[in-house]
Amino acid sequence: MLAVEQANAKGVPGGYSFVAYDLDDAVQGAHDPAQGAQNVKQFVSDDAVLAMVGPFNSSVAQAQIPITNDAGLVQISPATTNPGLTKGDEAAKLRTSHPDVNSFFRVCTTDDKQGAAGASFARKLGLKKAFIVDDNETYGKGLADVFEQQFAAAGGTVLGHEHLTKGQTDYKALLTKAHALGPDLVFYGGTTVTGGALLRKQMADTGLGQVAFIGGDGISDTEFLTSAGQSADGVYYTVAAPETSKLPTATAFVAAYEKRWKSPVGPYSANAYAATNIEIAAIEKAMAEKGGALPTRADVLANVAATKGFASPIGTIGFDKNGDTTAPILSVYKISGGKPVFVEQIVLKV
Amino acid sequence: MDVFLQQVVNGLSLGGIYALIALGYTMVYGIIELINFAHGDVYTFGTFTSLAILTGLGVSGEVHGPWLVAVVAITLVAAMLTCGALGVLIELLAYRRLRNAPRLAPLITAIGVSFILENVMQLWHGPSPIPFPQVVPNPSVTLGLVSVSAKQVLVIALALVMMIALQLFIYNTKIGKAMRATAQDRDAAQLMGINVNTTILVTFLVGSALAGVAGFVSGVYYGTTWFFNGFEAGLKAFTAAVLGGIGNILGAMLGGFLIGLIEAMATQYVPQGAQWSNVVVFSVLVLVLIFRPSGLLGESLPEKV
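Residues numbered from 1 in each chain as written. Chains lettered and ligands numbered in written order. Predicted model: local features only at pLDDT ≥ 70, side-chain atom pairs only at ≥ 80, totals over all residues.

Visitor: Looking at this model, I keep getting lost on the sheet that holds strand 5 (residues 104-106) of chain A. Mind explaining?
Guide: Sheets are built from strands paired through backbone hydrogen bonds, the pairs being either parallel or antiparallel. Residues and elements named next belong to chain A. Across the sheet, three strands lie side by side as 3-4-5; this open sheet has parallel pairing. Every other strand in the sheet has two partners, leaving strand 3 (51-53) and strand 5 as the edge strands with one partner each. Neighbouring strand axes in the sheet, compared pairwise and without regard to direction, differ in orientation by 20 degrees on average. (Pairing = 2+ DSSP bridges. Helix = DSSP H or I, 4+ residues; strand = E, 2+ residues; numbered from the N terminus. Axes fitted to C-alpha atoms, helices over the stretch in contact; angles between N-to-C directions.)

Encoded structure:
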């Protein structure tokens, strides 16, 4: 919205202007893939829509990608982190009508990158011997597998890698096994509900209370803090997004945002702003190529795909062939006194 | 060796909770041959009730001295009474009318009751895990090679005490005798002047009260719970009852401890054990049932016509 206003204020050649066209995919307060798909159909049927920003959730993206792929409408998501949306067979299956064309891009990084960030951070802390636990789900296992690989590559030793069973609540046997191996770090790939909080809590009962614990953003919720209680203190976790307030490139955006909306920036505000600006730039470039005439969706898509070195509040963005950002920035938080405290940003090289 | 012994302790304390739940399954099955699928949820209800009572008492952290004994006793008794009442209510509303219906009808009703309880608890505390106050101080004692925590002792001791009490109740009281008679032959028992309906109600009362004990203990032991907790635990406890010989009190106890031990050992000694522990547990169950179809301590029941 802010990006659109700024672009119009600067003036668009040819007497055109940008219009923000908002549709919400939430039904009764929760995101709903069916509603998301419905919204995209509405965009597609409106010839004036050249590009869209969204969605917020990976499950909604799964429902939308086949539709935008069919229509050749470019979409840039600010916040979906499921790797399968852009990579591998899963992504190929979503591109139903035009398997060779990708219409889905994102300015956020993906979950599997969190494993890499966790590994690099663990080595930075000087941790050497890791015991890895994941919840055997797509998100958690993906995270843990990448961590295992990267931690070993960075000179760490992986003592074991175990998968939890759904519904299990007693991890004492597993942690006793881990304790016997003498780790200085337990890495957890998964969410709070699939075992994160209980695992951390039971570490104290099995002699692992002083051992470091690193997880992904699956444990970055208030449930983790309440369920793990005091044992949550000292836990590190990564989030697949930059902490906007700490980014030097974002100061201008943060100031403009707060002035316009009179409220602090949300976790993905800068991402959405960057995504919109990329699309605006692509549309303007496509117009310039056509001598000021209105571009087609295909022109816009081609220009978005060619984005490279685009300066945005969340760093210099470019897209790889899958539609993923080439400059992933992640942040690390530490739980201290029952509250998450920002530790540092990790910029991964791709 | 020290790891092995430590896993024995882990397995026994996990098994203690299974055993307490398994007692309720086995009692109800023994008397009306119904697999009471709602039993696991009655157990979760026990944790929820304990939580409510502790909140009511204003307890949110560790307590010490005589107050600790009082808090534990009040919560335990209240959880037992509430769960017992819930069990009675379930029997009266859901199962009694179906007493002479085909066996599938009460079974499906049991699954329905389970859904109702799960949803009620989800409405009560939401779908997320909820913390349970750490009431009992948890010093651990190192005995030679293993460390045993106070909570582990509490779990195992409570399970054993409850089993012995139940055994005495069934074999040394008049109502216990009525329960055994009803289990053997309901019609004959009725002809002998036993009030079958009351006897079945008492069975539900006692079995569900034991689930209440398990619910309280699991809250204290794990320090957390959620509305769906009873599903997995109920399934394991049911397995324990079958393993030990369904309908048999000692068998349920033995099955519970065995399953806890097998889980702990499988986690330790099978590569990638945490994800294979359930496979090992159920493989053992299958093997036992092949060679002893009525379970480890089960007696072959006469075929009912």
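Having put the structure on the table, let's press on.
Visitor: Would you mind showing me how to read the sheet that holds strand 13 (residues 329-336) of chain A here?
Guide: Residue and element names in this part refer to chain A. Strand order in this open sheet of seven strands is 7-6-8-9-10-13-14, and the pairing throughout is mixed. Either end of the sheet is taken by a strand with one partner, and the two such strands are strand 7 (157-163) and strand 14 (339-347). Neighbouring strand axes in the sheet, compared pairwise and without regard to direction, differ in orientation by 20 degrees on average. By the bridge criterion, five bridges tie strand 6 (residues 129-134) to strand 8 (residues 185-189) in an arrangement that is parallel. Looking across to strand 8, one finds that Ala 130 is bridged to Leu 185. The strands that helix 7 (residues 172-181) touches are strand 6, strand 7 and strand 8; relative to strand 7, the one it contacts most, it runs at about 170 degrees. (Contact = placed C-beta atoms within 7 Å.)

Visitor: What is the right way to look at the interface of chain A and chain B in this model?
Guide: Interfaces are often sized by the amount of accessible area the parts lose when they come together. Taken residue by residue, the interface counts 24 residues in chain A and 26 residues in chain B. Within the residue set of the side of chain A that touches chain B, elements represented by two or more residues are strand 7, helix 7, helix 8 (192-205) and helix 9 (222-228) of chain A. It is helix 7 of chain A that provides the largest number of residues to the side of chain A that touches chain B, a total of six residues. A class-by-class count of the residues in the side of chain A that touches chain B yields seven nonpolar, 10 polar and seven charged. (Nonpolar A, V, L, I, M, F, W, Y, C, P; charged D, E, K, R; others polar.)

Visitor: So what exactly am I meant to see when it comes to the nonpolar core here?
Guide: Taken as a class, soluble globular proteins show a tendency for nonpolar side chains to be buried jointly. By size, the foremost hydrophobic cluster in this structure holds 178 residues, and its most contacted members are Val 186 of chain A together with Leu 20, Ile 21 and Val 213 of chain B. Counting residues per element, this core draws most heavily on helix 1 (residues 2-32) of chain B, at 16 residues. Domain assignment of the residues forming this core places at least three in each of domain 1 (2-109 + 245-319) and domain 2 (111-239 + 330-347) of chain A. Setting aside anything within four residues of it in sequence, one finds Ile 21 of chain B in contact with His 39, Gly 40, Tyr 43, Ala 211, Ala 214, Ala 233, Gly 234 and Ala 237 of chain B. (Core = buried A, V, L, I, M, F, W, Y, C linked by C-beta atoms within 7 Å. Buried ≥ 20, exposed ≤ 12 C-beta atoms within 10 Å, placed from the backbone. Domains from an automatic or database assignment.)

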